[in-house]
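# Observations on the model geometry
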Amino acid sequence: MADAEAPVTSLLPIDPALHDRMANAIRFLAMDAVERAASGHPGLPMGAADMATVLFTRFLKFDPLDPAWPDRDRFVLSAGHGSMLLYSVLYLTGYADITIDEIRNFRQLDSRTAGHPEYAAAAGIETTTGPLGQGLANAVGMAIAERHLAARFGGELVDHYTYAIVGDGCLMEGISHEVASLAGHLGLARLIVLFDDNKVSIDGPTSLTVSEDTLKRFEAYGWDTAAADGHDPDAIAAAIAAARQSARPSFIALATTIGYGAPTKGGTAATHGAALGAEEVQATREALGWTLPPFEIPDDVLDAWRAAGRRAAGERAAWQRRLEAAGKRAEFERAMAGDLPAGLDAAVSSHIETMVDQAPVWATRKASQEVLEVITRAVPEMIGGSADLTGSNNTKTKIQGVLDGDHFSGRFIHYGVREHGMAAAMNGMALHGGIIPYSGTFLIFTDYCRPSIRLAALMGLRVIYVMTHDSIGLGEDGPTHQPVEHLMSLRAMPNLLVLRPADAVETAECWALALGHKNRPSLIALTRQTVPPVRTEAQAANLCADGAYVLAAAPSGTAAVSLLATGSEVSVALAARDQLLAEGIEAAVVSMPCWELFDQRPAADREAVLGGDCVRVAVEAGAAFGWERYVGAGGGVVALTRFGKSAPGKDLFEDFGITADAVVAKAKACLGARR
């Protein structure tokens, strides 16, 4: 540290009696809130109260008066069912958003204290957790972000730790393997995980389901490991202090008693996911010597907690002075705010003009790589990656060095075959701030990423998924790799932009849209096979921004048939239009790269684009389900109704009837039915 202010940590022994009362404040707030709600999980907060007290009073660098301080330590409660642990600590340390009334209103409508922690519901909640293992994966992403930004901006501005509390369930979930392996490989020394090792799950003792040696497991990943008594504050503090000195990520198993202090239910599954009951609550009060009524904290205990909340004020002030003196201040603040550089729009526009002039016949994955070459130069906070498919997804650009344990300044991560962990780690990077993460795999493997994609949508994070090989057009790999239902299932997810561009111009426009949406994730579905250019004239506006637009109007201005398509099938629709026009049938083509953006437009605008009272026929090499909202009762859909096959892509389009002839036949049938 350049400033003289003392660091916030201290290894001086703390008064055991005061520690116990401070930890008991967590226990009784949690116990009473769950009891009042008649719903919740009191066991974890009661068991993990000691480790939380040690962490927040002696190590964690934070300031409740500036909750968004960029150089704060990050704390993730991966075992999100124990949310009252987090809410209690936030109230006790003085976060304004969590009042005692919010504690009382635990799990009630519109309260900030939801059943599981929800990002942005209150300051101090760093991520949404609940699906077990996700928080651990987010913490790995946060730790990657910290190391990268420290390499970019220097330790004077970026110098913090990431802590997570995990439970048995987090470690049983497969995602924990993916991200723990990645963290060990990268050597994320600023990542410290506290394992609430209470040996109890909902069904009973964890011996019912697991028997591995967890410490040896994490040693094999390349982590430092330690074990301590989770109810001995000095042992906890010593373990954390040692972990902070390690050159590797650290995993500390802290042996605890779930529902600590409950005379008859403590140590059992009965405390895991249900209120203790009035009798057990009273007995716990007597056992722990807590005489105050629910939701009251002794003045000296609350004062001690509030003093802990003020520990880092001096360090934050010193950091602010360093920021003001830093030559990179403006760039740092821009990146942390998530604002895009001023030159991006001009760079994308210039690229689009080039694409219009050159009219390349590319796969849209190739088109994506070409626009990425432009935007990764313009946006230095973009960190890319791939799940062992770099050459297929085309997500690495010439300017991007590899981010690894020796080069945290790199901007491309080889995630390996860890799709779920990759997606969740990207969430952590986005949550940390200062990074716009994107990465790729095949569209079919969104099935492996889906829980993390859903959480990105729920939290409103700018995370970009580059999903290639988006249809049966990928060909010979066959039905195991050919997505059918995926586009529709992803479109069903709230707050996720699903972008399926038709050519190089639309691909560039879709990338601009993905970057421009700060508060939602985007998925860009791209082809393996080449597609012809469909946008042959330069436009001042981003046409994809409307979600759908008339690509080719009926020559007379009034279409008898409106052909709706996305991605590679836009060229199929254009060919069908030519056939219909040759037969004297007025036809238009509507490109619909993003349903979500289209659905936000006024109803009258949507009707005008779709063609009003004409026959509408949609074509897409995916499931038909969902198109009925656009084609209406009198329209038709040319799509897939079964899984794919192994064959060259062009043969599959013929075999499955995703052809101009099939679209023409469908249009004629619909016109005939009208007569």
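Located above this text is the structure these notes cover.
Described in the following lines is the structure provided in the data block. Predicted model, so just to flag it, every value in this text is computed and none were measured.

This part covers the packing of helix α3 (residues 83-93) against helix α11 (residues 299-309). At a closest axis distance of 7 Å, the pairing of α3 and α11 adopts a crossing angle of 85 degrees. Relative to α11, the element α3 is oriented roughly perpendicular. Packed against α3, whose contacting residues are Val89, Tyr91, Leu92 and Thr93, the element α11 presents Leu302, Trp305, Arg306 and Gly309 at the interface. Looking at the contact of α3 with α11, its residues break down into five nonpolar, two polar and one charged.

Attention now goes to empty space enclosed by the protein. Counting across every chain of the model gives four cavities of 30 Å³ or more. Quantified by volume, the largest cavity comes out at close to 90 Å³. As for the largest cavity, its lining consists of Phe56, Leu60, Phe62, Pro67, Arg72, Asp73, Phe75, Leu86, Leu90, Tyr95, Gly124 and Glu126. Residue composition of the lining of the largest cavity, grouped by class: eight nonpolar, one polar and three charged.

Spatially, β1-β2-β3-β7-β6 is the arrangement adopted by the five strands of the open sheet, whose pairing is parallel. The two strands at the open ends of the sheet, each matched to only one other strand, are β1 (74-77) and β6 (224-229). Sheet twist, expressed as the average angle between the axes of neighbouring strands with direction ignored, equals 15 degrees.

Put simply, the largest pocket is a space of about 590 Å³. Every residue lining the largest pocket is counted, 28 residues in all, and those nearest its centre are Tyr119, Met336, Ala430, Leu431 and Gly433. Secondary structure elements with two or more residues in the lining of the largest pocket: α13 (329-337) and α17 (419-432). Looking at side-chain class alone, the lining of the largest pocket contains 16 nonpolar, seven polar and five charged residues.

Reading across the sheet, the five strands line up as β16-β18-β17-β19-β20 and stay open at both edges, with mixed pairing between neighbours. At either margin of the open sheet sits one strand with a lone partner, and together these are β16 (549-552) and β20 (636-640). Strand-to-strand twist of the sheet, defined as the mean angle between neighbouring strand axes without regard to direction, takes the value 25 degrees. Pairing between strand β19 (residues 615-623) and β20: four bridges, direction parallel. Pairing of valine 619 across the sheet is with valine 638, part of β20. Running at roughly 145 degrees to β19, helix α26 (residues 660-674) makes contact with β17 (561-565), β19 and β20 of the sheet.

Calculation criteria
- Residues numbered from 1 in each chain as written.
- Predicted model: local features only at pLDDT ≥ 70, side-chain atom pairs only at ≥ 80, totals over all residues.
- Heavy atoms only, no water.
- Axes fitted to C-alpha atoms, helices over the stretch in contact; angles between N-to-C directions.
- Helix = DSSP H or I, 4+ residues; strand = E, 2+ residues; numbered from the N terminus.
- Parallel < 35°, antiparallel > 145°, perpendicular 65-115°, else oblique.
- Contact = heavy atoms within 4.5 Å.
- Nonpolar A, V, L, I, M, F, W, Y, C, P; charged D, E, K, R; others polar.
- 1 Å grid on protein atoms, 1.4 Å probe; cavity = no way out; pocket = protein on both sides within 12 Å on 5 of 7 lines; lining within 4 Å.
- Points joined across faces, edges and corners; volume = space filled by probe spheres on them.
- Pairing = 2+ DSSP bridges.

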